[in-house]
Structure formats: C-alpha cells, structure tokens
Amino acid sequence: MPAVRLALAQMNAVVGDFARNVETLDRFRHQAAGVGADVVLSPELALTGYPPEDLLLKEGFIDAAELALISLRDAEGLPPLLVGTVVSEAEGAVSLAPSPDARNVVSEEPWPHVANALVALSDGVIATATKRLLPNYEVFDEQRYFHAGVGPHSIINVNGVALGLLICEDVWMAAGPAAELAAQGATLIVVANASPFARGRREEREAMLAERARETGCPIAYVNLVGGQDELVFDGQSVVVDATGAVLARARAFAEELLVVDIEARESGAGVRLDVAYPRDERRARAASVNSLAEPASEIAEIYDALVMGTRDYIWKNGFRSVVLGVSGGVDSSLVATIAVDAVGARAVRGVAMPSRYSSPGSLTDAYELGARLDVEVTTIPIEAAHAAFAEMLGAGLGEVPSGLTDENLQSRIRGVILMAISNATGAIVLTTGNKSEMAVGYSTLYGDSAGGFAVIKDVPKTMVYELCRHRNARAREAGDPEPISIEVLSKAPSAELRADQRDDQSLPPYELLDPLLAGYVDRDATAGELIAEGHDPSLVARVARLVDAAEYKRRQSPPGVRISKKAFGRDRRMPITNGFRVPRP
Amino acid sequence: MSGEVEHVASLVTGVHQGLEREVPHLEHGPYVICLSRAARAYAELSVQFDPAPAHPVVTEILARAGAEPSGALALYAFSVVIGPRLLVSLVDLGPLDARFEAVAEVTRRQLRACAGLASHPGSIDEPGFAVAARSLVRLAEQTGNAESFVLSR
C-alpha cells in the first residue's frame, strides 16, 4: 500500500495576530521539512485564530487573512501546507451555499460572504475545501458568520493516496461529509479542528473518529488547535487512527507539537495531484520521532492543565506580565495562586492578604504559609481602617451603622478596591477566586470578590476545587517538591469570614449536596420538577433553583474564566436576566 | 478529453497558474487581494478538469503584467485582456460541457469583483501604464486572439 508522511501542526494561534500565526506556521513547516514530511496539516482557522467572532464581520479582517495567505504561498523547498483560514467569495460563488441553505441560516448582509476553509498550498493554491456543517451549539456560533460549503469535496492526491479534506464538525456526522469523500475516492481523511477542551471530550472525539474510520474504511488524521482564547482552552491531543479505528499516534495535551505520522492507505487515483518537490528521503532516515503516542492523562490532571494553560494564555495574549490576587488562607485562593504560579511563575504573582476584624488568626497564617510554599510575595493590607471609615461615613448618611449583608459586602468591596488599585499601580491583572458553585448560587459580592480581570476557577465546582488541590499536591510529591497547599487549608470548613464565626454551610447547603444539584440544574438544564423526580429534596431544589435564577445578573457582570465543562457560565449558557419562568412541581 | 474541454482546461490552468505565480510579488493590497481571490477561484475550477498545460498566451500576458509591481497591470490583464476573451471563447464553444458554465460564472464573478476596484487610486494613472496595457492587448491580437482565445485545430 502507498504511504504518506503527514506532519500535524498542533499550534497555538492568536486570534487576529496574522504575523504571529504566519510565523508559527512557517516554523512548523520548516520543522516538517526537516523530517521529510509530504504534507503539513494545520488546525482549523490556524491563520486567523479561533474563534474570530465578530472580527469576521469586518471586511478589513477578511482582507488581512487573504494577505496572510499570500505570504504563505512562496515557500520553496518546503512541504505543501493545508492551512485553515477564512476565504471570501463574491456573492453567488459556486462553492458556497446560496442563501438560504437547508443546512445554514445565513446573514442578511451580502458581504462579507465568508467560508471557513482549508486551503491546500503547494507553489500556490491548488485546492480549497470549505466547511459543510456549521456548528451552532454550546460555544459555537458559526451560522452567524459563515456560509456552508457545497459542491464536490476537495481531494488531493499524494503518492497515490487520496487525501479528503474536512473541517471539524464535518467529520462528526455519520453518513455525512466523510462518507461522501470516501465515496468520491478519498482513501485518507484529514481533518482540521478547533475543538475546545471539556471534561471527557478526548474520549468522545476518539470514539467518534474510530466509528468514522470504520464507516469509511479510511484512516483519519485529526489535528487540533492548542492554547487558550478567552474562556476557551484547546487541548491539542491531535490523533491519527487507522482504518479499523485503532489509534496510531497521538500528540500531547496542552502543548504545541509537530506530530509526524507515516500512514498507509489504499491506492487511489482520485484528487488533484500534488507533487512534493523538495528532497526528503535522507531527511526521513534521520527523523527520530515518528508515530509517537502520548499517553492521555487522568481527567483531573487534564482539568488542572487546562486551567493553567487557559490562565497563562489569557495573561500573555492580552499583554499582561504579572497577576495579583487576594489570598485569604482559604482553599479557593490557594488553588488559584497555585495555578497562577504554574502558569506564569512565582515572580509574576503577588498575593495580598487583607485581614479584617473577622479574620481568624489561622487564615492569615495559612495565607503566609501558601506564599512561602509557592515562593510568592504576600503583601498584607489590613482593611480595618477603611472598614471603620466606611461604617462612619455610611452611618452618617443612612442614620445607622451598616450591619448584616451590607456590612459583609462592604468588606468584600474594600478588598476589591485594594486589588484594583494594585492593578492600576503595577499593571498586574487581578485574578478572582470564586468557584462555580458560588457563582451559580450568587454567593459572591458584585464589585467585591467578583471584581477582577480573569476568573480562573469560575467553571470549577467547589468539590472539584478540593480534588484539584489534592491532585496538585500529589504531583508535587511525585516530583519531590513541597506540597503547595497545606493540610490546614484543605481541612478547615469553608468560610467567607465576613462576620464572626461565619461558615459557608450557614448560608448554603453542604457542597456535597449542592454540587450534584447544580450539575443537574445548570449543566444538564434539568427543571426543578425533573430534579425532584430524580429524588432530590424538593425544598432544597426549590431554594437552589431560586438562587441560581436570581444570580444571573451577577454572573453576567463577572470576568471571563477557563471553560472546563460543556456548560460553563458565559457562551455556553445564555439565560435571560429578566426571567419569570418557574416550573411547578410535578 | 475532447479538444474543446482541453482548450478550456488550459485557459483555466493558465489563469490559475499565472495569477498564483505573480500574486506573491505584487504590492498594492486591494489589487493583490482581488487577484489572490481570483487565483483561488480558478484553482477550484481547475481541479474539475483533467490536468492540462497552461495556455501559453495567457501565461505570457500574465507574466508580462506581473513585471509592474503594484498589481494594477496584472488586474488590467485579467479583467480587460483575458477575462472577456475567455467569456467570448466559452460562448463560441457553446454549452458542450457542464463545466463551461461554471468557468463562465466564476469569470463573470471575478470580473465584477475587479470592476469594484476601477475607481481605486493606484498605478493606473502613472505614465507608462497605458503603453504597457496596450502592449498586452497587442500580444493577444498578434497571437490570433483578438476577440477570444481561439481553439487551434
């Protein structure tokens, strides 16, 4: 059987930074030339970054993508490149669906008439594949921007192997574009992807690819983007399966990598012939790492790594050099500080302890201990003077000294003001430390602990916060390093310490009960009635549902954070703030 | 492949390869973008035909036009010299093959896109442009392609 050497460029693209993305593609292409690859395959929209969102409505952005594509054309001595980008066609282009199309609801705007494309470059453009199936669920919004591809599929022929070109969603449909390609003579399916991380996604992808390989009788090469983009983290884990669905090669998670794979496939005369002109036999003999197979990590390890990469990329891609966060001695801020150190290094992290009259001595000690373990500078700024001043000022205005929730939130807001002031003074971005359980039920203070630039663990339920801490400590032990999070932090009862002897479980159900309920109400979109029918306590369900619904206005104002689930607050879950929907009990 | 189909395929290949060769060296953004999109469109067309050698006159016209760095002359070559002759050639050949209509449609579409640039300030006003432009037309005429790209038998 004939074979091709594919180089899958698992790259970290930056949305809109064409110069950088061209440079990255060039770097991978040169690396691929060094190992004698026949073809280099980039991820989906590698040239523009993914997702470009409303940048796609700017004609200038589409033009810039075209110019960037031109700069990749002249590449003598380098292997051909299949590059993901946007292409614009005049309205009525034969390769794009006219509006409206059965598979696509298109914009009323006639321009830009844009497709999500995979362009085959070899001494110029030789073929352009356009994405057929445009996802419009979860975080995806592609029908807002793209016209669907129609017409014959794109196939290129290398050494007698017919490579059928697909883009992401196209490969997910049974009896869909992949099967059509195979029927048109493709013997190897190559798929460019921007598939964001979520719990369990890798297993889902590989199971689907195995099924599609068996359905088409073709091996499949699947290259994924890697890196953070706002809330999304792309995990990489590019993979190649043979025609039986067995995994031949897999790239690492959360790291750039050129995965070089030799793939045998049935001989076929289909497709436009691609002559690979540069000399590569000798280079092939020298290539050390071919068909490498990275072992997948555990789910909790993947989640931790996603949080680190998402945080790191948000910081550097937005031009920040350092971070600041409040460290209370609690488990949430301890985890966020640890993630921050893993993301950007201890020297770029500053912790701020802001004790109040209600802070326990242990909390301050725990905050200092965390700083020592992480080698992070911890600055102490007591809030008592500001708290007293605000109480006096407000007392004069309100006619009584603030108490209860007003006084509790006041303390949280004073801390928010301090952190934002440090951010102004130093240029550091404020990391907030709220978790998903708190965000869900509104157990946070607007303009207080929820104020900041990036909410690292906003998609992490409280019970998983503990799991992640234990996981990180275990990693440290394995590496022979000190555990970053002390047993004191992990064993004490959660408390906001905004009044005397306060504990979270005085305001909220125990997290062991709350988190499964939230998984149902938020992640699965179950109604209160359905949750009661599943056996949850009716009064608890009613209370939690009310809290979740009422906190929508807070969540809408919260910073972005790393998405690790299939239903994160933000793009995944778009609930109205003004919401009168209440489901009666069954 | 019949002679007519091969003829059209060679014209499509000539436009595709000629534009692909010149586009990376041209400088004026709007012209380059327009020609790059045209190159991609003809690439899509060319894969619908069996491989054919590039039409020598089309190749020569685009090569000469590519010597002007802004891309204005290449745009002129495509939109005034080559595109209309290609359309007339297709009319002359008649509806022999379903792919001919696709070639005509793509050509009309690309000509409309180029027309959108007609009022764009650029090298078209520079001295010497008219002379260079006329020489491209003359090349077409002198090779027997005054109104269309004729099929030699």
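The structure presented is a predicted model; accordingly, all values stated were derived computationally and were not measured. (Residues numbered from 1 in each chain as written. Chains lettered and ligands numbered in written order. Predicted model: local features only at pLDDT ≥ 70, side-chain atom pairs only at ≥ 80, totals over all residues. Heavy atoms only, no water.)

So, about the overall build of chain B. If you tally the helices and strands in chain B, you get six helices and zero strands. N-terminal to C-terminal, the α/β element order of chain B is α-α-α-α-α-α. In terms of C-alpha radius of gyration, chain B reaches 14 Å, essentially the compact-globule figure of 15 Å for 153 residues. For chain B, the C-alpha atoms occupy an extent of roughly 45 × 30 × 25 Å along the three principal directions. For chain B, with 153 residues in total, the buried portion stands at 55%. Considering only intrachain contacts with a sequence separation of at least 6, the fraction spanning at least 24 residues in chain B is 82%. About 6500 Å² of surface is accessible on chain B, with carbon and sulfur atoms providing 56% of the total. Between the mean site of the 12 positive side-chain charges and the mean site of the 17 negative ones, chain B shows a separation of 2 Å. (Helix = DSSP H or I, 4+ residues; strand = E, 2+ residues; numbered from the N terminus. Rg over C-alpha atoms; globule rule 2.2 N^0.38 Å. Buried < 20%, exposed > 50% of the residue type's maximum accessible area, 1.4 Å probe, protein only. Contact = heavy atoms within 4.5 Å. Areas by Shrake-Rupley, 256 points an atom, 1.4 Å probe, with all protein chains shown as cover. Lys, Arg positive; Asp, Glu negative; His and termini not counted. Charge placed at Lys NZ, Arg CZ, Asp CG, Glu CD.)

A residue-level look at chain A finds 95% of positions with pLDDT of 70 or above and a mean pLDDT of 92. Confidence drops under a pLDDT of 50 for residues 99-111 of chain A, and excluding neighbours within four residues, the segment shows 20 contacts in the predicted structure. (pLDDT = per-residue confidence, 0-100.)

What follows is about the pattern of salt bridges. All names here are of chain A. By the definition in use, this model includes 51 salt bridges over all chains. With its nearest N and O atoms 3.0 Å apart, the salt bridge here joins glutamate 142 to lysine 131. Highlighted residues: glutamate 142 in the loop between strand S5 (125-130) and strand S6 (155-158) and lysine 131 in the loop between S5 and S6, separated in sequence by 11 residues. Looking at glutamate 142, the relative accessible area reads 3%, which means it is buried. By relative accessible area, which is 1% here, lysine 131 ends up buried. A salt bridge links glutamate 552 to arginine 555; its shortest N-O distance comes to 2.8 Å. With glutamate 552 and arginine 555 both in helix H17 (residues 552-556) and three residues apart, the pair spans about one turn of that helix. Each member of the pair, glutamate 552 as well as arginine 555, carries the same accessibility label: buried. (Salt bridge = Lys/Arg side-chain N within 4 Å of Asp/Glu carboxyl O.)

One finds Leu6(A) and Leu163(A) to be the most contacted residues of the largest nonpolar core, which totals 83 residues. Among the elements that line this core, the one with the most residues is strand S4 (residues 114-121) of chain A, at seven residues. What Leu6(A) contacts, discounting residues up to four positions off in sequence, is Val39(A), Leu163(A), Leu188(A), Val190(A), Ala221(A), Leu259(A), Val260(A), Val261(A) and Ile263(A). Among the nonpolar cores identified, the runner-up in size contains 53 residues, and Leu11(B), Cys34(B), Ala39(B) and Ala65(B) belong to it. (Core = buried A, V, L, I, M, F, W, Y, C linked by side-chain atoms within 4.5 Å.)

Following the sequence through the fold, Asp515(A) ends up in helix H14 (residues 511-523). One buried charged side chain, Asp515(A), makes no salt bridge at all; its nearest oppositely charged neighbour is Arg199(A), positioned 9.0 Å away.

Scanning the entire structure with this criterion turns up seven aromatic pairs over all chains. Considering the side-chain rings of Tyr50(A) and Phe234(A), the 6.1 Å spacing of their centres and the 80° angle between planes classify their relative orientation as edge-to-face. Placement of Tyr50(A) in the loop between strand S2 (39-41) and helix H2 (59-71) and of Phe234(A) in strand S11 (residues 232-235) is noted, with a sequence separation of 184 residues between them. Here Tyr50(A) matches Phe234(A) in class, with each residue buried. Ring geometry for Tyr76(B) against Phe129(B): centres 6.0 Å apart, planes inclined by 80°, an arrangement best described as edge-to-face. Separated by 53 residues along the polypeptide, Tyr76(B) in helix H4 (residues 72-93) and Phe129(B) in helix H6 (residues 129-142) bring together distant segments of the chain. (Phe/Tyr/Trp six-rings, centres within 6.5 Å; stacked < 30°, edge-to-face > 60°.)

Residues and elements named next belong to chain A. The domain architecture assigned to chain A consists of domain 1 (3-295) and domain 2 (301-503). One C-alpha centre belongs to domain 1, the other to domain 2; they are set 41 Å apart. Together, the buried faces of domain 1 and domain 2 total about 1100 Å²; carbon and sulfur atoms form 65% of this surface. For domain 1, the biggest contributors to the area lost against domain 2 are Phe197, Asp230 and Phe254; these three give 39% of the whole. Linking domain 1 with domain 2 are one salt bridge. Its salt-bridge partner being arginine 202, residue glutamate 302 comes within 3.7 Å of it at the nearest N-O pair. Here domain 1 is connected to domain 2 by six residue pairs in polar contact (both at pLDDT 80 or more). The set of elements that each furnish at least two residues to the side of domain 1 that touches domain 2 consists of strand S10 (226-229) and S11. Among the elements that take part in the side of domain 1 that touches domain 2, S10 stands out by supplying three residues, more than any other. (Domains from an automatic or database assignment. Buried area = accessible area lost by both parts, 1.4 Å probe. Polar contact = N/O pair within 3.5 Å; in protein donor to acceptor, adjacent residues only side chain to side chain.)

All names here are of chain A. The mixed open sheet is built from six strands, whose spatial order is S5-S4-S3-S2-S1-S14. Of all strands in the sheet, those bounded by a partner on one side alone are S5 and strand S14 (257-264). In this sheet, adjacent strand axes meet at a mean angle of 35° when their direction is disregarded. Bridge count between S4 and S5: five bridges; the pairing is antiparallel. (Pairing = 2+ DSSP bridges. Axes fitted to C-alpha atoms, helices over the stretch in contact; angles between N-to-C directions.)

The subject of this paragraph is H14(A). Residue and element names in this part refer to chain A. What H14 keeps buried is the set Tyr511, Leu514, Asp515, Leu517, Leu518, Gly520, Tyr521 and Val522. If you follow the buried residues of H14, they end up packed against helix H11 (436-441), helix H12 (462-479), helix H15 (528-533) and helix H16 (538-550). Looking one or two residues past H14, aspartate 525 carries a phi angle of roughly 55°, positive in sign.

The next thing to look at is the sheet that holds strand S20 (residues 454-455) of chain A. Taken in spatial order, the five strands make up an open sheet running S18-S17-S16-S19-S20 (chain A), and their pairing is parallel. Because the sheet does not close on itself, it has two edges, and the strands there are strand S18 (377-380) and S20 of chain A.

Here chain B shows a mean pLDDT of 91. Residues at 70 or above account for 94%. Put simply, helix H5 (residues 98-115) of chain B is where chain B has its lowest mean pLDDT, 92, and helix H3 (residues 56-65) of chain B is where it has its highest, 98.

All right, on to the packing of H4(B) against H6(B) then. To describe two helices that pack against each other, one gives the angle between their axes and the distance between the axes. All names here are of chain B. Relative to each other, H4 and H6 sit at 30°, their axes nearing to 10 Å. For the element pair H4 / H6, the angle class is roughly parallel. Both H4 and H6 take part in a crossing whose hand is right-handed. Taken together, the residues of H6 that come into contact with H4 (itself represented by Ala72, Leu73, Tyr76, Ala77, Val81 and Arg85) are Phe129, Ala132, Ala133, Leu136, Val137, Ala140 and Glu141. Looking at the contact of H4 with H6, its residues break down into 11 nonpolar, no polar and two charged. (Parallel < 35°, antiparallel > 145°, perpendicular 65-115°, else oblique. Left-handed = near helix turned anticlockwise from the far one by under 90°. Nonpolar A, V, L, I, M, F, W, Y, C, P; charged D, E, K, R; others polar.)

Moving on to unusual backbone geometry. All names here are of chain A. The omega angle of the peptide bond from tyrosine 50 to proline 51 is -5°, so this bond is cis rather than trans. Considering the arrangement of structural elements, one finds proline 51 in the loop between S2 and H2. In this model, tyrosine 447 sits at a positive phi of 65°, which is unusual for a non-glycine residue. Along the chain, the position of tyrosine 447 falls in the loop between H11 and S20.

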